[in-house]
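As a plain string of letters, each chain reads:
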Amino acid sequence: LAGCGGPGAVGQRRKEMVLSEKVNQLMEWASKRSVIRMNGDKFRRLVKAPPRNYSVIVMFTALQPHRQCVVCKQADEEYQILANSWRYSSAFTNKIFFAMVDFDEGSDVFQMLNMNSAPTFINFPAKGKPKRGDTYELQVRGFAAEQLARWVADRTDVHIRVIRPPNYAGPLMLGLLLAVIGGLVYLRGSNLDFLYNKTGWAFAALCFVLAMTSGQMWNHIRGPPYAHKNPHTGQVNYIHGSSQAQFVAETHIVLLFNGGVTLGMVLLHEAATSDMDVGKRKIMCIAGIGLVVLFFSWLLSVFRSKYHGYPYRYV
């Protein structure tokens, strides 16, 4: 026993052999696909069972068409971007792997973890069990690849520089806009009075302001889901219940409400300054007041639903 190193040494060598086999298997799969698809057996053997000296980021999802999980598809696109950014970076090592468990391929894993919602991101650390911070706060942070990368860096000390594939939609739209403007200037070269139209510029400025104040930039940065469907009741929520997050649908609703208030104020201004007869001006005034009262009341309702305990209301 002394010459062989004893039972402890034999067990250690066996442990190292099993660990080496697991790492080699994961590296082989990662060389083919940045996100490793796992079923119940693979998850239990490579993620749950020791020994393990690597972290595994697992996305639990439901991508099959009959599940009708739109958010799962959107989150999967961002997750693939993150995994590809890590797989094809010069800093790629076997310290961390990205995996996926689809409900239709690993429902037993969902049951084992008492999981009833998707998508969900969990970090399984190299040592010990996942802690509270190892579950990604999707509703707060959104599922943008950049946000996921910050969370991964916080949990694993692995910093991933997200590299997105080129998107030509923006340049194409800009080129189309410049072509339209150039065409108008060419066709109406002798009459450029439309460039000095205050109403047109005012309308364009209002559209820009309404888009920015409704939270479109927040959506662009955070990448939140469009809405949330309760897996138990099937109820769809378009307004996030927290003041720290929002849904894409929520920004569209706020944009509509702000637009209604703005239209009401424009009607009130026109009623006070236009040269129309008194009867039409009264109608415009009543319509303007009604729009302001109605849509501002709805805006306060949205505010109250996000800031619980807010004491004031309009209507």
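Since the structure is predicted, the reported quantities are computational estimates derived from the model, not experimental observations. (Residues numbered from 1 in each chain as written. Predicted model: local features only at pLDDT ≥ 70, side-chain atom pairs only at ≥ 80, totals over all residues. Heavy atoms only, no water.)

Notes on the domain arrangement of the protein
For step 1, the next point in the chain: In terms of domains, the protein is made up of domain 1 (7–156) and domain 2 (197–306).
For step 2, the next point in the chain: Between the C-alpha centres of domain 1 and domain 2 the distance comes to 41 Å.
For step 3, the next point in the chain: Listed by partner, the interface residues are 11 residues for domain 1 and 15 residues for domain 2.
For step 4, the next point in the chain: Interface of domain 1 and domain 2: buried area, both sides summed, is about 950 Å²; carbon and sulfur atoms make up 51% of it.
For step 5, the next point in the chain: In terms of surface lost to domain 2, no three residues of domain 1 exceed Asn 116, Gln 139 and Val 140, which account for 47% of the buried area on that side.
For step 6, the next point in the chain: Taken together, domain 1 and domain 2 are joined by zero salt bridges.
For step 7, the next point in the chain: Those elements giving two or more residues to the side of domain 1 that touches domain 2 turn out to be helix 3 (70–87) and helix 5 (138–141).
For step 8, the next point in the chain: Looking at the side of domain 1 that touches domain 2 element by element, the count peaks at three residues for helix 5.
For step 9, the next point in the chain: Split into classes, the residues belonging to the side of domain 1 that touches domain 2 amount to four nonpolar, six polar and one charged. (Domains from an automatic or database assignment. Contact = heavy atoms within 4.5 Å. Buried area = accessible area lost by both parts, 1.4 Å probe. Salt bridge = Lys/Arg side-chain N within 4 Å of Asp/Glu carboxyl O. Helix = DSSP H or I, 4+ residues; strand = E, 2+ residues; numbered from the N terminus. Nonpolar A, V, L, I, M, F, W, Y, C, P; charged D, E, K, R; others polar.)

Focus on the UniProt feature "transmembrane region" (unreviewed entry) in the protein
For step 1, the next point in the chain: Here, the residues flagged by UniProt with the feature "transmembrane region" (unreviewed entry) are residues 168–187, 199–218, 253–271 and 283–303.
For step 2, the next point in the chain: As a span, residues 199–218 carries 90% helix and 0% strand, and end to end its C-alpha atoms are 29 Å apart.
For step 3, the next point in the chain: Secondary structure within residues 283–303 divides into 100% helix and 0% strand; the distance between the first and last C-alpha atoms comes to 30 Å. (UniProt positions renumbered as here; feature names shortened; annotations may be inferred.)

Things to note about the state of the cysteines
For step 1, the next point in the chain: Taken as a whole and judged by the stated rule, the model has one disulfide.
For step 2, the next point in the chain: The residue that forms a disulfide with Cys 69 is Cys 72, at a sulfur-sulfur distance of 2.1 Å. An S-S torsion of about 70° defines the bridge between Cys 69 and Cys 72 as right-handed. (Disulfide = S-S within 2.5 Å.)

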